[in-house]
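# Structural overview
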Amino acid sequence: VAFALAREGAQMFGVLTCTNGCGDKDYALAIGLRSSYDRSLSVSATFGSRCFVCDNLAFSGEVSMSRKHTVNVFRDLPDLIYKMLSQVSSMRERMDAEIAAMKIRELVPTQAHHLMVEAIRAGVLPASRLPKVIEAWEEPMHEAFAPRTAWSLFNGFTEVLKTNAPRAQMEGSLRLSNVFRRELGLN
């Protein structure tokens, strides 16, 4: 479990990592959570994946739920979470397939640069942070990301994303996953 607070403790962001049953040791299922004491955020949860190699809160996810802070929010949450959990098995198979495809998908420099530009256009990071992504791609901090694959580039982005505020990390990593799915045809 990792969590962070923002806005003087009024907002909470967290990631619960579920390691049971994962054959690979470099990523696992994760549940991203957010809520706020001041009701500035809806109660939200996203199921997805989390990478262990670079030890950050970035994750990708596609099964989500959100519920406004109203008088009945706590009454409705168990049912919403149950509905999400019913989708996890098929989501996990899809996620495992996407990560496996990224691990073997070699990228030539022009492909990597195209993905970087598309990610910036999608608002994953501001353009001013692109030099850091290029540095993470060209000189990976972790040996596991030395191969010139889509997985290595994805994790180069998450390495830079982890320096953002918690909300920006969560939103950026979800946008990043969508860019990679779209551009690499991982759907």
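Below is a summary of the structure that appears in this document. What you see is a predicted model; the values in this text were computed from it and never measured.

## Considerations on the packing of helix α4 (residues 130–138) against helix α5 (residues 150–161)
- With their axes 8 Å apart at the nearest point, α4 and α5 run at an angle of 135 degrees to one another. Here α4 lies oblique to α5, going by the angle between them. Along this stretch, α4 crosses α5, giving a crossing that reads as right-handed. When α4 is examined against α5, the residues Lys132, Val133, Ala136 and Trp137 are found in contact with a partner set consisting of Ser152, Leu153, Gly156, Phe157 and Val160.
- Taken together, the residues that form the contact of α4 with α5 break down as 6 nonpolar, 2 polar and 1 charged.

## Looking at the pattern of salt bridges
- Applying the stated rule across the entire model yields 6 salt bridges.
- Put simply, glutamate 118 and arginine 182 hold a salt bridge, and the shortest N to O gap is 3.6 Å. Highlighted residues: glutamate 118 in helix α3 (residues 109–121) and arginine 182 in helix α6 (residues 166–184), separated in sequence by 64 residues.
- Judged by its relative accessible area of 13%, glutamate 118 falls in the buried class.
- Close ionic contact of glutamate 183 with arginine 182 constitutes a salt bridge, the shortest N to O distance being 3.1 Å.
- With a relative accessible area of 28%, glutamate 183 lands in the partly exposed category.
- Given the relative accessible area of 47%, arginine 182 is considered partly exposed.
- Residues joined by salt bridges that share partners form a network here, namely Glu118, Arg121, Arg182 and Glu183.

## Description of the packing of helix α2 (residues 88–104) against α5
- Packing of α2 against α5 brings their axes to within 5 Å, and their N-to-C directions diverge by 105 degrees. Judged on the interaxial angle alone, α5 and α2 are roughly perpendicular. Across the interface between the two elements, Ile99, Met102 and Lys103 from α2 touch Ala150, Trp151 and Phe154 from α5.
- Each residue belonging to the contact of α2 with α5 can be placed in one class, and the counts come to 5 nonpolar, no polar and 1 charged.

## A few points about the nonpolar core
- Counting residues in hydrophobic clusters, the biggest one holds 38 residues, and the most contacted among them are Met102, Leu153, Phe157 and Phe180.
- When contributions to this core are tallied by element, the ones reaching two or more residues are β3 (27–36), β4 (43–51), α1 (73–85), α2, α3, α4, α5 and α6.
- For this core, the element with the most residues is α5, which contributes 7 residues.
- Here leucine 153 is in contact with Leu107, Ala112, Leu115, Met116, Val133, Trp137 and Phe180, once residues within four sequence places are set aside.
- One finds Ala6, Phe13, Leu41 and Met170 within the second-largest nonpolar core, a separate group that totals 5 residues.

## Some points on the pairing of strand β2 (residues 11–18)
- Pairing of strand β1 (residues 2–6) with β2 involves 5 bridges; the strand directions are antiparallel. Bridge pairing in β2 links alanine 2 to valine 15.
- Following β1, the chain reverses through 4 residues before pairing antiparallel with β2; arginine 7 in that reversal takes a positive phi of roughly 50 degrees.

## Comments concerning the side chain of serine 42
- Tracing the sequence through the fold places serine 42 in the loop between β3 and β4.
- At 3.3 Å, the side chain of serine 42 forms a polar contact with the side chain of serine 44.
- Setting aside chain neighbours within four positions, we find serine 42 in contact with Arg34, Ser35, Ser66, Arg67, Lys68 and His69.

Calculation criteria
Residues numbered from 1 in each chain as written. Predicted model: local features only at pLDDT ≥ 70, side-chain atom pairs only at ≥ 80, totals over all residues. Heavy atoms only, no water. Axes fitted to C-alpha atoms, helices over the stretch in contact; angles between N-to-C directions. Helix = DSSP H or I, 4+ residues; strand = E, 2+ residues; numbered from the N terminus. Parallel < 35°, antiparallel > 145°, perpendicular 65-115°, else oblique. Left-handed = near helix turned anticlockwise from the far one by under 90°. Contact = heavy atoms within 4.5 Å. Nonpolar A, V, L, I, M, F, W, Y, C, P; charged D, E, K, R; others polar. Salt bridge = Lys/Arg side-chain N within 4 Å of Asp/Glu carboxyl O. Buried < 20%, exposed > 50% of the residue type's maximum accessible area, 1.4 Å probe, protein only. Core = buried A, V, L, I, M, F, W, Y, C linked by side-chain atoms within 4.5 Å. Pairing = 2+ DSSP bridges. Polar contact = N/O pair within 3.5 Å; in protein donor to acceptor, adjacent residues only side chain to side chain.

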